[in-house]
Structure formats: structure tokens, C-alpha cells
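Each chain, letter by letter, is given below.
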Amino acid sequence: MPADRLHLVRHGEVHNPRRVLYGRLPGYRLSAAGRRMARQAADYVHGLERPITALVCSPLERTRESAEPFTELFGIEPVVDDRLIEPTNVFEGRRMRRALLNPLNWRHLRQPSRPSWGEPYAEVIARMDAAMTDAWSRAESGDVVVVSHQLPIWVTHLAIAGEPAKHDPRKRRCALSSVTSFEHRDDHWVEVGYAEPAVTSGAVDVGAV
């Protein structure tokens, strides 16, 4: 039998004093508050009293670190899956407000529904679905925890809900260390829950793609 439920967990707050869009850049690790948030997410999942049999994460530092509390609580080492990584973005390493003031950058905004500034939403959705399906299928029973990033989690939610992938990044329902839960029924995903167990008041959350 495959898994019973799959939880998409977003990483905690990142140490980002320059407040740039960090994307796939190396060296962007969790802040002290981010580590607390990751622990709160793990505690929430532990409190569901459901057996966790598999742990999968993106290869970036912030997701690996956010997986650590799950390893401590459930005794499971994470499997790294590159398909869970943050999308590409031409504005990576820049402060968005400054970048958008430069007319030379406006060409990257010509197709927001694709989007023209980075990896197409359709490709992100496809690789996330493949990673989720593989993680689900590999588990013999119990629940799977998958630690990823805001945009991949959010467009996955939109796709499963049957909504357009085009969206306003400022209005994503995917807080730091949030938990979005799914089940696989009749060959398709069904969202069964969303929770924000971490205390995020005062958190800096400006670096997500």
C-alpha cells in the first residue's frame, strides 16, 4: 500500500539581511527564528499522531535545515529530491523594488501568466507532481513529509484546486513553516488541510521567488 497522506512543508525564515530575492543562491540558511519555526512545524505534524514513514526535501540549505526537526522527532533521514527546488528567476540576487525601477528589466514582466521572469509555472507543477507521486508510491504506509518552497507549494495548490497558475505573489497562502496536506484518491491529489503552526510575527519573508 502507498502512503496515507502527504504534507508539503515550507521552510522557516531565512537569514536575509540584504532582503534580496535569493532563489537558488547558495548560502541562504535559516535564521534563529527560522529554526524555531521549523521545529514548530515538526511539532505540529508530530501532534497529529499520524505515523511519518518518509521525509523528502529540496537540496537547498534552508529546506535541509527545516527537515532536521522532523529527523529528530521521527528518526527518519531525509531523501533529497532536486525536483522540489525553488524555480529559476532572472531577478535572483537582487532587491525587487530596485530591479523593477530599471526599464531594462520590464521585458521580463511581459508574460506574467507564464511567467516570463523564470521557470514556467507548468514545469514547476509537473516536477512537483512527479516528486510527490514518487514519494507517495515509495512509502509502504503512513504519511510522507515533503519540505519545499513557497512558489512550488502554492502553484501545486492552485493546480490541484483547478485554479489558474497565474497569481499575485503577494497573496499566496503559504506562510513560513506552513503545512499543506494532501491525499491521493482515484489517481488525483486532493487537498485535505492547511495549517500555520509557526509563530511568524515580525518575520522577514521577502526572498521567495
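Nothing here was measured: the structure is a model prediction, and the numbers come from that model.

Q: Quick rundown of the sheet that holds strand 2 (residues 52-57)? Include the residues and the values.
A: Across the sheet, six strands lie side by side as 3-2-4-1-5-6; this open sheet has mixed pairing. Strands at the two margins of the open sheet, each flanked by one partner only, are strand 3 (79-80) and strand 6 (188-195). In terms of strand pairing, strand 5 (residues 179-185) meets strand 6 through seven bridges, oriented antiparallel. Looking at the pairing, Phe-182 lines up with Glu-191 of strand 6. Here helix 2 (residues 61-74) sits on the sheet and contacts strand 1 (5-10), strand 2, strand 3 and strand 4 (143-148); the angle it forms with strand 2, its principal contact strand, is near 165°.

Q: So what's going on with the pairing of strand 5? Which residues, and what values?
A: In summary, the side chains of a regular strand alternate between the two faces of the sheet. By the criterion of burial, strand 5 is predominantly enclosed, with five of the seven residues buried. Bridging between strand 1 and strand 5 involves four bridges; their strand directions are antiparallel. Pairing of His-7 across the sheet is with Ser-181, part of strand 5. With antiparallel pairing between neighbouring strands as the criterion, strand 5 and strand 6 make up a hairpin whose turn holds two residues, including Asp-186 at a positive phi of roughly 50°.

Q: Hey, could you go over the pattern of salt bridges for me, with residue numbers and the actual values?
A: A full pass over the atoms with the stated rule returns 16 salt bridges. A salt bridge links Arg-39 to Glu-72; the nearest nitrogen and oxygen atoms lie 3.1 Å apart. You can see Arg-39 sitting in helix 1 (residues 32-47) and its partner Glu-72 sitting in helix 2, a full 33 residues away along the chain. For Arg-185, the salt bridge goes to Glu-183, with nearest N and O atoms at 2.8 Å.

Q: Can you lay out the side chain of Ser-178 for me, pointing to particular residues and giving the numbers?
A: Inspection of the secondary structure assignment puts Ser-178 in the loop between helix 5 (150-161) and strand 5. Classification of Ser-178 as buried rests on a relative accessible area of 1%. Dropping the residues within four chain positions of it, Ser-178 is found in contact with Leu-8, Val-9, Arg-10, Tyr-194, Ala-195, Glu-196 and Pro-197.

Q: If you had to explain a positive patch on the surface to someone new, which residues and values would you point to?
A: On the surface, Arg-18, Arg-19, Arg-95, Arg-97 and Arg-98 cluster together into a patch of positive charge. Its place among the elements puts Arg-95 in the loop between strand 3 and helix 3 (96-101). Exposure remark for Arg-95: the relative accessible area of 38% places this residue in the partly exposed category.

Q: How would you sum up the packing of helix 1 against helix 2? Please name residues and give values.
A: Between helix 1 and helix 2, the shortest axis-to-axis distance is 8 Å and the interhelical angle comes to 40°. Overall, the two elements helix 1 and helix 2 adopt an arrangement that is oblique. At the point where helix 1 passes helix 2, the crossing takes the right-handed sense. Counted together, Arg-35, Ala-38, Arg-39, Ala-41, Ala-42, Asp-43, Val-45 and His-46 of helix 1 and Glu-65, Ser-66, Glu-68, Pro-69, Phe-70, Glu-72, Leu-73 and Phe-74 of helix 2 form the full contact between these two elements. By residue class, the composition of the contact of helix 1 with helix 2 is eight nonpolar, two polar and six charged.

Q: Hey, could you go over the environment of Ile-125 for me, with residue numbers and the actual values?
A: With respect to the helices and strands, Ile-125 occurs in helix 4 (residues 121-138). Put simply, Ile-125 and His-157 are 32 residues apart on the chain and 9.2 Å apart in space, counted from C-alpha to C-alpha. Once residues within four sequence positions are removed from consideration, Ile-125 is found in contact with Val-155, Ala-159 and Ala-165.

Q: I'd like to hear about the nonpolar core, residue by residue, with values.
A: Across soluble globular proteins, you tend to see nonpolar side chains buried next to one another. Of all hydrophobic cores here, the largest spans 28 residues; its most connected members are Leu-6, Leu-8, Val-144 and Val-146. Of all elements in the fold, only strand 1, strand 2, helix 4, strand 4 and helix 5 reach the threshold of two or more residues within this core. Looking at this core, the element that brings in the most residues is helix 4, giving seven residues. Not counting residues up to four positions away in its chain, the partners in contact with Leu-8 are Met-128, Met-132, Val-146, Ile-153, Thr-156, Ser-178, Val-179, Thr-180 and Phe-182.

The rules behind each value
Residues numbered from 1 in each chain as written. Predicted model: local features only at pLDDT ≥ 70, side-chain atom pairs only at ≥ 80, totals over all residues. Heavy atoms only, no water. Pairing = 2+ DSSP bridges. Helix = DSSP H or I, 4+ residues; strand = E, 2+ residues; numbered from the N terminus. Contact = heavy atoms within 4.5 Å. Axes fitted to C-alpha atoms, helices over the stretch in contact; angles between N-to-C directions. Buried < 20%, exposed > 50% of the residue type's maximum accessible area, 1.4 Å probe, protein only. Salt bridge = Lys/Arg side-chain N within 4 Å of Asp/Glu carboxyl O. Patch = residues over 30% accessible without salt bridge, like charges linked within 9 Å, V, L, I, M, F, W, Y side chains within 5 Å. Areas by Shrake-Rupley, 256 points an atom, 1.4 Å probe, with all protein chains shown as cover. Lys, Arg positive; Asp, Glu negative; His and termini not counted. Charge placed at Lys NZ, Arg CZ, Asp CG, Glu CD. Parallel < 35°, antiparallel > 145°, perpendicular 65-115°, else oblique. Left-handed = near helix turned anticlockwise from the far one by under 90°. Nonpolar A, V, L, I, M, F, W, Y, C, P; charged D, E, K, R; others polar. Core = buried A, V, L, I, M, F, W, Y, C linked by side-chain atoms within 4.5 Å.

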